[in-house]
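Coordinates in review
The lines below spell out each chain.
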Amino acid sequence: SQTIHQWPATLVQPVGSPLSLECTVEGTSNPNLYWYRQAAGRGLQLLFYSVGIGQISSEVPQNLSASRPQDRQFILSSKKLLLSDSGFYLCAWSVGAPASGYTFGSGTRLTVV
Amino acid sequence: GQSLEQPSEVTAVEGAIVQINCTYQTSGFYGLSWYQQHDGGAPTFLSYNALDGLEETGRFSSFLSRSDSYGYLLLQELQMKDSASYFCAVGGNQAGTALIFGKGTTLSVSS
């Protein structure tokens, strides 16, 4: 069966520090991968998505970046965190048409202090 | 661009029926999806409508009217465990695109 792993679950980082969040998928090949961010009590904001290794589409210009070094690995990074980067970061995957349903990871709650 | 509108909050009592509406504006419509998110958890997929009409899955049903750019999620026989946020989303019928989510509706079910 397919599973998605996302870590860490919680993270507290100082302003100006770097960030690396990792997401891996098991049990499927060539998944579409997504990063979303959810501010407290808000909706899901699409950050990045990828349809293959090295292919990244960015939706929101900001100080975050994403990479896909392997088929089932998706990494979200920042060189210098801002207070506004705080939020709940969710990785998701789908196969083929994403309208058939995303499977989300358990999320990382990031607090920038 | 794409935008979705849904009510921010809905309240109901156990056993009742509640309808959560969603209106959308999008270029290249590919379908309307619904997701449920319990407090502190990750969203989970509920339903997807590509064509007009009603889709039923147990106590939950989802409706779409493409001519009205409108859809709704219908929850019947409400239970306390249905208290959660519900998101509608559009887009993504083709590989290489992604879903855009609404801001979510918080449903509170009381006894």
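In this report, we go over the structure that sits alongside the text. (Residues numbered from 1 in each chain as written. Chains lettered and ligands numbered in written order. Predicted model: local features only at pLDDT ≥ 70, side-chain atom pairs only at ≥ 80, totals over all residues. Heavy atoms only, no water.)

**Digging into the overall build of chain B**
Across its full length, chain B carries zero helices and eleven strands. Counted from the first residue to the last, chain B has its helices and strands arranged as β-β-β-β-β-β-β-β-β-β-β. For chain B, the C-alpha atoms occupy an extent of roughly 40 × 30 × 20 Å along the three principal directions. The buried share among the 111 residues of chain B stands at 42%. For chain B, restricting intrachain contacts to residue pairs at least 6 apart in sequence, the fraction spanning at least 24 positions comes to 56%. (Helix = DSSP H or I, 4+ residues; strand = E, 2+ residues; numbered from the N terminus. Buried < 20%, exposed > 50% of the residue type's maximum accessible area, 1.4 Å probe, protein only. Contact = heavy atoms within 4.5 Å.)

**Some thoughts on the pairing of strand E3 (residues 18-25) of chain B**
Residues and elements named next belong to chain B. Burial along E3 is one-sided: Val 18, Ile 20, Cys 22 and Tyr 24 are buried, while Gln 19, Asn 21, Thr 23 and Gln 25, pointing the other way, are not. Pairing analysis gives three bridges linking strand E1 (residues 3-5) to E3, with the strands arranged antiparallel. The residue bridging Glu 5 from the neighbouring strand is Thr 23, located in E3. Examined bridge by bridge, E3 and strand E8 (residues 70-75) share six bridges and lie antiparallel to one another. For Ile 20, the partnering residue across the bridge sits in E8 and is Leu 73. (Pairing = 2+ DSSP bridges.)

**Thoughts on the interface of chain B and chain A**
Taken together, the contact between chain B and chain A spans 23 residues of the former and 22 residues of the latter. Counting the surface lost from both chain B and chain A, the interface buries some 1600 Å², and carbon and sulfur atoms represent 63% of this. Joining chain B to chain A, the criterion identifies zero salt bridges. At the junction of chain B with chain A, the criterion picks out four residue pairs in polar contact (both at pLDDT 80 or more). Elements that contribute at least two residues to the side of chain B that touches chain A include exactly strand E4 (32-37), strand E5 (44-49) and strand E10 (100-101) of chain B. (Buried area = accessible area lost by both parts, 1.4 Å probe. Salt bridge = Lys/Arg side-chain N within 4 Å of Asp/Glu carboxyl O. Polar contact = N/O pair within 3.5 Å; in protein donor to acceptor, adjacent residues only side chain to side chain.)

**Details of the sheet that holds strand E1 (residues 3-7) of chain A**
Residue and element names in this part refer to chain A. One open sheet holds the four strands; their spatial order is E1-E3-E8-E7, and the pairing between them is antiparallel. In this open sheet, the two strands that pair with only one neighbour each are E1 and strand E7 (64-70). Geometrically, the sheet is characterised by an average inter-axis angle of 15° between neighbouring strands, direction not taken into account. Inspection of the sheet shows E1 paired to strand E3 (residues 19-26) by five bridges, in the antiparallel sense. (Axes fitted to C-alpha atoms, helices over the stretch in contact; angles between N-to-C directions.)

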